[in-house]
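Coordinates in review
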Amino acid sequence: MSGVVGGDENGGAAGQDMEADNEPPQLIPPLPKGDSSELGKIAEEGASPSAKRLRLSEENQRLDVELHHVHGEVAQAEGLQDELIPPVQAPLPGHDGFPGAEEAEEDVGSTGVEVGYHQNGDGGHETPLEGGERKPEVEEEDNSGSSDSPSVGQHLGLDFTQNPRVLTGSWAEYSSLPENYLKGCKWAPDGSCILTNSADNVLRVYNLPPELYSYNWDLLTEMSPVLRMAEGDTIYDYGWYPKMNSLDPDSCFFASSSRDNPVHVWDAFYGEVRASFRPYNHLDELTAAHSLCFTPDGSQLYCGFDKIVRVFYTDRPGRDCEERPTTVKKQGQSGIISCFAFSPCLSVYACGSYSRSAGLYSCQDGSLLALLPTRHRGGLTHLLFSPDGNYLYTGGRKDPEILCWDLREPGKVVFSLQRKVATNQRIYFDLDLSGRYLLSGDTEGMVSLWDTQTAPPDGNEDLLQPQAQFQAHRDCTNGISIHPFMPLLATSSGQRQFLSPGDSEGDSASDGEGDQAMMSPKEIRQDNALALWWAGPIGPDAEESQEERTPPAEEA
C-alpha cells in the first residue's frame with residue numbers, strides 16, 4: 001500500500017495560492033490509534049519543499065513550540081481570553097492562526113483525548129472546560145450516556161428567535177469571471193475551514209476568521225481563500241474526509257470528481273493532488289463519478305455511476321475497486337447514482353438517483369435492503385440521515401419538496417417540507433447535530449428553518465410549515481452548512497443565468513459590443529457569494545456594533 005503525491009496526468013496540476021511564510025502546525029501529535037491509512041503519507045522522492053517541511057527535526061519542533069507559546073501570550077494580551085467558545089482544533093497552515101489554538105493543542109496533547117468527527121450529525125465532539133477537563137455535550141443529566149445525540153442548546157447554541165446576522169463572506173473572489181456562481185459550501189469536520197465549489201471549476205478553502213471567536217465583529221473584513229485547487233472540467237461532487245483533524249496533517253484531505261477526470265484526493269494543507277482513484281467502465285474507458293462520499297470511518301470512498309456503485313479503499317489509490325450494481329436483470333434502482341448518505345447508527349447507506357428513486361443498501365455487500373417509492377418530481381440531488389438513524393431526508397431538482405421518510409417503516413413519509421426549487425442544480429439542506437432543526441435555501445435566495453419536533457407524532461404526511469425564514473441572498477441560495485460546534489451558518493449563492501427571449505442569441509456578432517449585449521440581459525439578479533451568519537446569542541457589545549451592519553444581499 002502506498003500513497004500518491006503530485007499531479008495527475010488526467011487531473012491537471014493543483015492550483016495553490018498560499019503565502020510565502022506559511023508554516024505547518026508547530027505541534028503535530030501522532031496518528032490516532034488504529035488509523036492505518038497511508039493515503040496522507042508523503043514520499044520522500046519527488047516531495048515538494050513544503051511537503052518535506054513536515055519532516056521536522058526534534059530541535060526545530062521544540063523551537064516552533066516555543067514560538068507558538070509566545071504567539072499565545074500575545075493573543076492573550078490582546079484580550080482574546082473572552083472568546084465565546086474555545087476552539088478545539090488548530091488552523092491549517094496557510095490560514096491565519098485563531099485565538100485559543102495554542103491552549104487547545106496543549107490540552108489535547110496533555111490529556112490524550114481523541115476528538116471524533118462523524119458524518120450526518122453523529123456526535124463525539126467535546127467542549128473544553130476552564131479547568132482543563134472535557135465535558136461531553138449531551139443534553140441528558142447523566143454524563144455517562146452516549147455522546148451521539150448532543151443537545152442543540154449546549155452543543156451549538158443555535159438561537160433562531162431572531163434572524164441570523166451576516167458577519168462576513170467572500171464576494172470579490174467570484175466577480176472576476178462572468179456567471180461564476182457557487183455550487184455549495186461544506187464545513188470541514190473539525191470546523192477550522194470551509195470548502196466551496198464554483199462554476200469556474202475551482203475548489204476554494206477559507207479559514208474561519210479569528211475575530212469570530214470574540215465579539216470583535218466590527219474588525220471582520222471580506223474573506224479570501226487560502227487555497228485554490230483547479231479541476232480540469234465541471235466538478236460533479238466533492239466531500240471532506242470525515243476524520244479530518246487539523247492537528248493531524250495526514251487526515252486533512254478531501255475528494256472531488258469532475259467530468260472526464262478520475263477522482264482526485266486533494267491535500268488541504270498545500271493544495272496538491274495526493275492520490276487518484278481511476279474508475280473504468282466495461283469498455284476499459286475512464287469514466288467520471290457523478291457522486292462520491294466517504295464512509296463514516298473514512299476507510300472507503302463510494303462513487304456513483306449509471307446503475308452502479310464503485311467502492312474504493314482510501315489506502316489503495318488506483319483503479320482497484322469493488323463494483324456493486326444497483327440494477328440486476330432490470331430489477332432494482334435504475335438511473336445515475338447522484339448522491340449518497342451513510343447511517344450514523346447502522347451499517348446502511350442510502351443512494352439517490354436521477355431516476356427519482358432512493359434505495360437503502362447494506363454496507364457489507366451492497367445488497368438492496370429497501371427501495372423507497374418514487375415520490376419526487378425530479379431526480380434526487382441530496383440525502384441526509386437524522387442523527388438517530390430513524391429518518392431519511394430526500395430532496396430533488398426542480399422539486400419543491402423535501403420528504404422525511406421513516407426508515408422503521410420503509411416507504412412511509414412522515415412529513416414534507418416545501419421550498420422553491422426551479423433549477424436543476426443541487427440545492428443543499430442541512431441538519432443541526434441534534435436533528436431538530438433543518439435548514440435549506442431556495443432559488444429565490446430565502447433560507448427556511450423547520451423544527452422537526454413540531455411534526456405530528458402520527459406521521460400523516462402533513463406539510464410542515466417553516467418556523468422562520470430570512471433573505472440570505474438576492475439570487476439562488478444553493479448551499480447551506482451548519483458549523484460543527486459553533487452557532488455559525490455558511491451559505492453560498494448563484495445560478496446559471498439565461499437570456500430572456502427578447503435577447504438575440506442567433507446573431508453571432510464578432511465585435512465586442514454584440515458579445516457584451518448578449519452577456520447583459522435585463523433585470524438579472526446576480527449574487528455570487530459565500531456568506532457566514534451568526535445564529536447564536538448576541539452579546540451586548542456585539543449587538544451595538546452590529547445594529548448598522550447591512551447584509552450583502554441587501555447592498556445595492
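Keep in mind the model is a prediction, meaning the values are calculated, not measured.

In this section: the overall build of the protein. The helix and strand inventory of the protein stands at six helices and 33 strands. Counting all 556 residues of the protein, 54% fall into the buried class. As displayed, the protein offers around 24200 Å² of accessible surface, 46% of which is attributable to carbon and sulfur atoms.

Moving on to the sheet that holds strand β27 (residues 437-441). The strand order across the open sheet formed by four strands is β26-β27-β28-β30, and the pairing between neighbours is antiparallel. The strands lining the two open edges of the sheet, one partner per strand, are β26 (429-431) and β30 (468-471). Between one strand axis and the next, the sheet turns by 15 degrees as a mean value, whatever way the strands run. Taken together, the four bridges between strand β28 (residues 446-451) and β30 define a ladder with antiparallel strand orientation. Its bridge partner lying in β30, S448 is registered against Q469.

This part is about the environment of A289. When you line up the elements, A289 lands in the loop between β11 (273-277) and β12 (291-294). Looking at A289, the relative accessible area reads 1%, which means it is buried. Between the alpha carbons of A289 and C303 there is a distance of 5.7 Å; along the sequence they are 14 residues apart. Among all residues touching A289, those that are not within four sequence positions of it are Y236, S257, V263, C303, G304 and F305.

Moving on to the sheet that holds strand β21 (residues 368-372). Hydrogen bonds between backbone atoms are what pair the strands of a sheet, whose relative direction is either parallel or antiparallel. Taken in spatial order, the four strands line up as β18-β19-β20-β21 in an open sheet, and their pairing is antiparallel. The open sheet is flanked by β18 (337-342) and β21, the only strands paired with a single partner. Sheet twist, expressed as the average angle between the axes of neighbouring strands with direction ignored, equals 20 degrees. Relative to strand β19 (residues 348-353), β18 runs antiparallel, the two sharing five bridges. Bridge assignment links C339 to a residue of β19, and that residue is G352.

The topology assignment puts E173 in the loop between β3 (165-170) and β4 (182-187). Overall, the relative accessible area of 15% leaves E173 in the buried class. A distance of 2.7 Å separates the side chain of E173 from the side chain of R204, its partner in a polar contact. With near-sequence residues (within four places) excluded, E173 lies in contact with N180, R204, Y206, E222, P225 and R228.

Our next topic: the side chain of T168. With respect to the element layout, T168 can be found in strand β3. Within the structure, T168 has its side chain in polar contact with the backbone oxygen of T221 (distance 2.6 Å). When residues no more than four places from it in sequence are discounted, the contact partners of T168 are P209, L220, T221, E222, M223, L530, A531 and L532.

When charged atoms on two side chains of opposite charge get close, those side chains can pair. In total, this model carries 12 salt bridges according to the counting rule given. Residue R408 pairs with D406 through a salt bridge whose shortest N-O separation is 3.1 Å. Residue classification places R408 among the exposed residues on the basis of a relative accessible area of 51%. Residue D406 is classed as buried on the basis of its relative accessible area, which comes to 8%. The network of salt bridges with shared partners includes E173, D200, R204 and R228.

Another point: the environment of Y428. Here Y428 lies in the loop between β25 (412-418) and β26. Since its relative accessible area comes to 8%, Y428 is described here as buried. In this structure, the C-alpha to C-alpha distance between Y428 and G441, residues 13 residues apart in sequence, is 7.2 Å. Not counting residues within four places of it along the chain, the set of residues in contact with Y428 comprises K183, G184, K186, D237, Y238, H382, R419, S440, G441, N478, G479 and I480.

Turning next to the packing of aromatic side chains. Following the criterion strictly, the structure yields 15 aromatic pairs and no others. With a centroid separation of 5.3 Å and an interplanar angle of 55 degrees, the aromatic rings of F277 and F312 are classed as tilted. Residue F277 is found in strand β11, and its partner F312 is found in strand β14 (residues 308-313); the two are separated by 35 residues along the sequence. By the burial criterion, F277 is buried, and F312 matches it. Pairing Y302 with Y349 gives two aromatic rings, centres 4.9 Å apart and planes at 65 degrees, and the pair type is edge-to-face. Of the two residues, Y302 sits in strand β13 (residues 300-305) while Y349 sits in strand β19, which places them 47 residues apart along the sequence. In this structure, Y302 and Y349 share a single accessibility class: buried. Members of the aromatic cluster, joined through ring pairs, are Y302, F340, F342, Y349 and Y361. It is R310 that lies over the ring of F305; its NZ or CZ is 4.6 Å from the centre.

Bringing the confidence of the model for the protein into the picture now. Per-residue confidence for the protein gives a mean pLDDT of 73; residues scoring 70 or more make up 63%. For the stretch residues 1-156, pLDDT sits under 50, and the model shows 296 contacts to residues farther than four places along the chain or on other chains. Scored below 50 in pLDDT, residues 540-556 shows 26 contacts in the model against residues more than four places distant or in partner chains.

Another point: the pairing of strand β5 (residues 193-198). Buried residues dominate β5, accounting for six of its six residues. Of the two faces of β5, the one lined by C193, L195 and N197 and the one lined by I194, T196 and S198 are each fully buried. Looking at chain direction, β4 and β5 are connected through four bridges and run antiparallel. The residue of β5 that forms the bridge with W187 is I194. What sits between β4 and β5 in their antiparallel hairpin is a turn of five residues, with G191 showing a positive phi close to 75 degrees. Across five bridges, β5 lies against strand β6 (residues 202-207) in antiparallel orientation.

Thresholds applied
Chains are numbered independently. Their residues run from 1 in the order of the written sequence. Local features in this predicted model are restricted to residues of pLDDT 70 or higher, and side-chain atom pairs are both shown and tallied only at a pLDDT of 80 or more, whereas totals for entire chains, interfaces and linings draw on every residue. Side-chain metrics in this entry use all non-hydrogen atoms of the structure; hydrogen atoms and water are not considered. Under the scheme used here, helices are H or I runs from DSSP no shorter than 4 residues and strands are E runs no shorter than 2 residues, and both carry numbers assigned from the N terminus. Exposure is judged per residue with a 1.4 Å probe applied to protein chains only, and the accessible area is read against the type maximum: over 50% gives exposed, under 20% gives buried, and values in between give partly exposed. Surface accessibility follows the Shrake-Rupley procedure with a 1.4 Å probe radius. Residue values consider only the protein chains on display as shielding. One bridge is not enough; two strands pair if DSSP finds at least two bridges between them. Convention adopted: a line fitted to C-alpha atoms gives each axis, helices being fitted over their contacting stretch, and angles between N-to-C directions are expressed from 0 to 180 degrees. By definition, residues are in contact when any of their heavy atoms lie within 4.5 Å. Between N or O atoms, a polar contact is any pair within 3.5 Å; within protein, one atom must be a potential hydrogen donor and the other a potential acceptor, and residues adjacent in sequence are included only when both atoms are from side chains. Here, a salt bridge means any side-chain nitrogen of Lys or Arg that lies within 4 Å of a carboxyl oxygen of Asp or Glu. Aromatic rings from Phe, Tyr and Trp, with only the six-membered ring used for Trp, were paired whenever their centres fell within 6.5 Å, and each pair was classed as stacked if the ring planes differed by under 30 degrees, edge-to-face if by over 60, and tilted otherwise. The rule for a charge over a ring is simple: NZ of Lys or CZ of Arg within 6 Å of the ring centre, and within 35 degrees of the ring normal. The predictor rates its confidence in each residue with pLDDT, a number between 0 and 100.

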